[in-house]
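Spelled out from the first residue to the last, the chains are:
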Amino acid sequence: MSDVAALELRDVHVTYRTREGPVPAVRGVDLSVFAGEVVGVAGESGCGKSTIVSTILRLFPASATVTGEVLLDGENVLTMRWGRMRAVRWGVASVVFQGALHSLNPIQRIGTQLVEPIFLHDKLATDNSAATKVRTLLEQVGLPARHADAYPHQLSGGQKQRVMIALALACDPQVLICDEPTTALDVMVQAQILELLIGIARERSMAMLLISHDLSVLGTSCDRVAVMYAGRIIEHGPARAVFDWPEHPYTRALSSAFPTIGDAASRYAPSGLPGDPPFPGDLPSGCPFHPRCPSALPVCPTVDVKLLPAGPGRTAACVLVDQSVPTR
Amino acid sequence: MSERAAVGSVASEPVIEVDDLVVTFRGRRGGGTARALDGVNLAVGRGEIVALVGESGCGKTTLARSILGLERPASGEVRFQGEPLGYGGRALKAYRRRVQLVLQDPTGSLNPRQTVYEAVAEGPRVHRMADESGRVVKALSQAGIRPPERFFLRYPHELSGGQRQRVVIAGALALNPEVIVADEPVSSLDASVRGEILALLLQLREELELTLLVVTHDLGLAWNIADRLVVMYLGRVVEDGTTEQVLNNPQHPYTKALLSVVPEMEQVESIVLTGETPDCARIPTGCRFHPRCPAYASGEAEAAGIAADCRSRELPILGATGGHRAACWLVPAGDAPIPR
Amino acid sequence: MRRASTVTTPRKLSPYAIARTRRKKSLQRFAQAFFGQPAGVIGLVILSVFVLLAVSAPLLFDREMLDITKTLGNESLEPPNGDFWLGTDENGRSILAVLVWGARASLVVGLAASLISMVLGTLIGIGSGHYTGLAGSALQRLTDWFLVIPFIPLVVVLAAVLGQRGLGTIVLVLGVTSWPGTARLVRAQTLSVEGRPYLERAKVLGDSDWQQMTKHVLPNVMPLVIANTTLTVAIVILSETTLAFLGLGDPFLDSWGTMLDKATGAGAASTGAWWYLLPPGICVILVVLAFTLIGRTLEVVLNPRLGSE
Ligand SMILES: Nc1ncnc2c1ncn2[C@@H]1O[C@H](COP(=O)(O)OP(=O)(O)O)[C@@H](O)[C@H]1O
Ligand SMILES: Nc1ncnc2c1ncn2[C@@H]1O[C@H](COP(=O)(O)OP(=O)(O)O)[C@@H](O)[C@H]1O
Ligand code: SF4
Ligand code: SF4
Ligand SMILES: [Mg+2]
Ligand SMILES: [Mg+2]
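Conventions we followed
- Residues numbered from 1 in each chain as written.
- Chains lettered and ligands numbered in written order.
- Predicted model: local features only at pLDDT ≥ 70, side-chain atom pairs only at ≥ 80, totals over all residues.
- Heavy atoms only, no water.
- Helix = DSSP H or I, 4+ residues; strand = E, 2+ residues; numbered from the N terminus.
- Rg over C-alpha atoms; globule rule 2.2 N^0.38 Å.
- Buried < 20%, exposed > 50% of the residue type's maximum accessible area, 1.4 Å probe, protein only.
- Contact = heavy atoms within 4.5 Å.
- Lys, Arg positive; Asp, Glu negative; His and termini not counted.
- Charge placed at Lys NZ, Arg CZ, Asp CG, Glu CD.
- Buried area = accessible area lost by both parts, 1.4 Å probe.
- Salt bridge = Lys/Arg side-chain N within 4 Å of Asp/Glu carboxyl O.
- Polar contact = N/O pair within 3.5 Å; in protein donor to acceptor, adjacent residues only side chain to side chain.
- Nonpolar A, V, L, I, M, F, W, Y, C, P; charged D, E, K, R; others polar.
- Pairing = 2+ DSSP bridges.
- Near = heavy atom within 4 Å.
- Phe/Tyr/Trp six-rings, centres within 6.5 Å; stacked < 30°, edge-to-face > 60°.
- Axes fitted to C-alpha atoms, helices over the stretch in contact; angles between N-to-C directions.
- pLDDT = per-residue confidence, 0-100.
- Areas by Shrake-Rupley, 256 points an atom, 1.4 Å probe, with all protein chains shown as cover.
- Patch = residues over 30% accessible without salt bridge, like charges linked within 9 Å, V, L, I, M, F, W, Y side chains within 5 Å.

This part is about the overall build of chain B. When helices and strands are tallied, chain B shows 14 helices and eleven strands. Compactness check: chain B gives a C-alpha radius of gyration of 21 Å against a globular reference of 20 Å for 340 residues, within 12% of the reference. In terms of overall dimensions, chain B has a C-alpha envelope of 65 × 45 × 40 Å along the principal axes. Taken over 340 residues, chain B has a buried fraction of 60%.

Quick look at the structure:
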């Protein structure tokens, strides 16, 4: 592993200007992913996961104000020139977007759509070399090469997602970002796609950022995981540890929402959280989780919680892990 | 746990019975007929919660819709309290007052131009039930929308996903139904909200003695709330038993695979099946699962001397009642209870 | 429940007061959106001028001025002058007077025929989208049939069948021939609404077909229908002109269409009597333009709300 992270976010803030006022969707996120590492980001919908993705390739709308630094191999994306930015997209980092299943052009063959980025980024590519590349890509994502001649509607959801992954891999990026890559898919297909993604990331020593609202998926397939709530990372650490022994009450709630089958304690005892995720335009004071927190203390509505060490390689943002706050 | 099992049991009194149900659709682009349901037997006892699981495309929604009379069977029948379903307008209307459906997508299930009150009052109004507003208040608070009055004039887009699903459930409850069929009721909700809706379903069963058939592809959900588990593959039931039996001691290779890919099941090696559910217009011969069956592919079936059966011998269809059963040549004596 | 803050629901107001406030707010939002579109505003201004003229016609020009038995004293086809600002027609009538009264006839024909077309188109469109069986395909066939049949022969036949030509006949003929476009549009929208789960939910709750169509489909196709009807008015006004021009109109009705017909009949084009030909022509174009602008704006303003509210 080199010293420079393949992807690093430093104190990233994103605020959307809307008619109802500013919406601070991301409020200070620090995160790094090194080559050969799979890092997960978990959290309920609306917590800012996709917004973070949009900053990495500068794909946010004009209504968004972004501050902080987004470094790809040490180079700040937010201050890059446009020409460089275009080269970086696909070439250095690429994204499999949320809901991307519908983003394939319905009237173009799969092969045609795969060839496009190859020619765009490799000026020396010939028709022949591109066709070979397409074939290799399809094979890598577990599709027979003949699917290059297929139209999107002839493929199932899982196959389309494989095409999307092939598309993201077309220019051999060093960083792959997958925003909810399995959300619309079936359990078995989800397992297939995850296996594929992790396999590719390991084999190519890529840096992978895997985003999902499903903590159980991340807990079992990532090296590290960051849990977000209301635009901030509230817990971070080795994936398995975070999922199995959560420190933050929110992570604990998320983790127990996925029962262990066979565990008598969760039989007839579904576990969830009361209330709804907060709207970023109108956040509760203090620890934003306090209205739903089962372990909230009287100080919680007023304290400003920060990520603090919570065990080996772990941090959590909760007064319960902060020894300096009186917890009574 | 044991007294729970006694709450609902098929043996006691089946409310919903599905008998050798076959539902076909005209195949796409002349692909022959698609047998979405190909001989399904099912019995749901009073007060029981049955989970129906399987990959997408295996016919879960079609079965749920057939139970509501929304699909007409090609053969076989659906019975409610022993009476075969009538498909006339009046009979269906009366039936659907007692058996209600909750759909997967709460956002799509609510008319964007109707307020919460109108959405919940729709059923009682159509059935000309007395005390409409009283019913709406009661149904909403039963569904956990409290205080109900404050939500009357909200539009769906002003509610969170969880609240929308509660409103949909309230809409069904307003009719005082005996059975609710829920098609993937929480799959579009956030994990943290999911548990609350499932707890609500359990609570409704306790308080109102509701019978529930829950369609899901989430085995964890089944472990959380279901008394019994029915596993479907390609239009047929392949395994059926109490939730403990099926999940603690799965028999069918398909169930084993499904269970192994649940992310939390770290202790078992995951068996990721290749491919997806085949098109139900082209059902494989013999055991319909054989092209994807890990036991067949690994030679386990061969070793047991049943590989030829897997390929070509049609399996008997599982009956609606009995103990823990699985439709697989590897599993002894088809319909006989499996020793633990 | 904390999301409650997204909707300000003052606790003290009664539910009905809240409903009223909501409706007012939503109307305000609509008005804001509409007036934010210059095209719509221009259309509305043009239309307002014509409506004002049409309404105040009796105040501006005595009806008698249109009676050819009373205008025999005037010179025919006189160019514009101090007495007759837009000149006179072949019967010596003031073109300005005929034009203003013609606005009445043209607008009445346009609106009434569009109303018929809207009702027919909506009913048939929703019906053909909702019923999947024989009834649905029969209605769809009917729509297609009316769509492909060339307009003019159909009108000729209809006009002949209906016999005597009056305002009522023209309205009827135009109404009965201009609904298929609306029906097709409504059908498409109905099909998309029919695919939504809330229709299935309504069915399961026991709604009859009629209830499903009126409670769920109609409110969701209405914005589209309104926008489309505005466009239909423009088409109908043009068609009335065509009809009159073909001599199929009511010769005793002083509409812009009849004016144009008579102008050509009187050889206005060859004799250079532009004051007879141009004013009704320009008026038709302006009104058609106004309705089109309004219709397009309504489409833009109402459409995004189809799914959300
Ligand atoms: N273009 C936008 N304009 C205004 N608000 C937005 C925009 N995109 C996202 N948001 C808001 O920002 C928050 C975070 O959204 P998102 O990053 O999509 O969350 P996630 O991917 O975790 O579900 C949400 O509350 C969302 O409503
Ligand atoms: N209206 C329909 N027309 C044609 N085929 C259908 C229709 N509805 C379902 N099917 C087919 O029936 C099979 C079962 O579908 P479904 O019941 O929706 O499965 P599930 O709910 O388990 O995902 C699928 O192969 C699907 O393509
Ligand atoms: S800071 Fe307080 S409210 Fe926030 S998570 Fe910790 S205990 Fe709960
Ligand atoms: S019958 Fe054979 S192919 Fe079918 S599930 Fe059993 S072992 Fe597998
Ligand atoms: Mg997202
Ligand atoms: Mg389904």
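Here we come to the overall build of chain C. Counting secondary structure elements, chain C contains 14 helices and zero strands. Going from the N terminus to the C terminus, chain C shows its helices and strands as α-α-α-α-α-α-α-α-α-α-α-α-α-α. With respect to the three principal axes, the spread of C-alpha positions in chain C is 80 × 50 × 25 Å. Counting across all 309 residues of chain C, residues that qualify as buried make up 47%. Intrachain contacts of chain C at a sequence separation of at least 6 include 71% that bridge at least 24 residues. Separation between the mean location of the 25 positive side-chain charges and that of the 19 negative ones in chain C comes to 23 Å.

Put simply, an interface is often sized by how much accessible area is lost when its parts join up. With 40 residues of chain A at the interface, the matching set in chain B holds 46 residues. Carbon and sulfur atoms supply 58% of the area that chain A and chain B bury against each other, a total of about 3,500 Å² over both sides. Considering only the side of chain A, the residues that lose the most area to chain B are I261(A), R267(A) and Y268(A), jointly responsible for 25% of the buried surface there. Connecting chain A to chain B are one salt bridge. With a closest N to O distance of 2.7 Å, R267(A) and E244(B) form a salt bridge. In this assembly, chain A and chain B are joined by 18 residue pairs in polar contact (both at pLDDT 80 or more). Taken together, the elements giving at least two residues each to the side of chain A that touches chain B come down to α5 (157-169), α6 (187-204), α7 (215-221) and α8 (239-244) of chain A. Ranked by residues supplied to the side of chain A that touches chain B, first place goes to α6(A) with six residues. Residue classes in the side of chain A that touches chain B are distributed as 18 nonpolar, 13 polar and nine charged.

Below, the discussion takes up the pairing of strand β4 (residues 75-80) of chain B. Residues and elements named next belong to chain B. Bridge count for strand β1 (residues 14-26) against β4 is five bridges, and the pairing is antiparallel. Bridge pairing in β4 links V22 to S75. What sits between the antiparallel neighbours β4 and strand β5 (residues 83-84) is a turn of two residues, in which Q81 has the positive phi angle 50°.

Among all positions in helix α2 (residues 82-91) of chain A, only M85(A), V88(A), R89(A) and G91(A) are buried. Among the structural elements, α1 (49-56), β4 (64-72), β6 (93-96) and α3 (110-121) of chain A are those in contact with the buried residues of α2(A).

Further remarks concern the site of ligand 4. Around ligand 4, the neighbouring residues are H252(B), P253(B), C287(B), F289(B), H290(B), C293(B), C310(B), C328(B), W329(B) and L330(B). Looking at the shell around ligand 4 residue by residue, the class counts come to eight nonpolar, two polar and no charged.

A few words now on the packing of aromatic side chains. For any pair of aromatic rings, geometry is given as the distance between the ring centres together with the angle between the planes. This model, assessed by the stated rule, comprises 13 aromatic pairs over all chains. Measuring from centroid to centroid gives 5.4 Å for F80(B) and Y95(B), while their planes differ by 75°, and the two rings are edge-to-face. A residue pair is termed long-range when its members are at least 10 positions apart, and F80(B) in strand β4 and Y95(B) in helix α3 (residues 89-98) qualify at 15 residues. A relative accessible area of 7% means that F80(B) is categorised as buried. Chaining the aromatic ring pairs together yields one cluster made of Y229(A), Y250(A) and F289(A).

What follows covers the sheet that holds strand β2 (residues 21-33) of chain A. Residue and element names in this part refer to chain A. The sheet built from four strands is open, its strands ordered β2-β1-β4-β5 with antiparallel pairing. The sheet is open, and its two borders are formed by β2 and β5 (75-76), each paired with just one other strand. Sheet strands in contact with α1 are β1 (7-18), β2 and β4, and its direction is about 110° off that of β1.

Glancing now at the confidence of the model for chain C. Residue and element names in this part refer to chain C. Looking at chain C, pLDDT values average 82 and 92% of them are 70 or higher. Mean pLDDT per element in chain C: helix α14 (residues 305-308) is the minimum at 42, and helix α9 (residues 197-205) is the maximum at 93. The model gives residues 304-309 a pLDDT under 50, and that stretch makes 16 contacts with residues more than four places away or in other chains. Our summary of model confidence lists the complex with pTM equal to 0.85 and ipTM equal to 0.86.

As a further point, take the sheet that holds strand β11 (residues 308-309) of chain A. Residue and element names in this part refer to chain A. Strand order in the open sheet made by the eight strands is β6-β7-β8-β3-β9-β10-β12-β11, with mixed pairing throughout. Pairing within the sheet leaves two strands with one partner each, and these edge strands are β6 and β11. Sheet topology note: the strand β10 (residues 232-238)/strand β12 (residues 315-316) ladder contains two bridges and is antiparallel. Along β12, the bridge assignment pairs H236 with T315. In the packing of α6 onto the sheet, the strands contacted are β3 (38-42), β7 (175-179) and β8 (207-212), and the crossing angle to β8 comes to about 160°.

Glancing now at the site of ligand 2. All names here are of chain B. Taken together, twelve residues lie around ligand 2, and G57, G59, K60, T61 and T62 are the ones closest in. Here an oxygen atom of ligand 2 and a backbone polar atom of G57 are 2.6 Å apart. Here ligand 2 has 560 Å² of accessible area as a free molecule, and 68% of this is covered by the chains. Sort the elements by how many residues they give to the shell around ligand 2 and helix α2 (residues 60-67) lands first, with three residues. Here the shell around ligand 2 is built from residues that sort into four nonpolar, five polar and three charged.

Looking now at a nonpolar patch on the surface. Residues and elements named next belong to chain C. A cluster of nonpolar residues, V45, V49, L53, L59 and L60, forms a patch on the protein surface that exposes about 470 Å² of accessible area. Breaking the nonpolar patch down by element, the ones donating at least two residues are α2 (38-55) and α3 (57-60). Top element by residues in the nonpolar patch is α2. It accounts for three residues.

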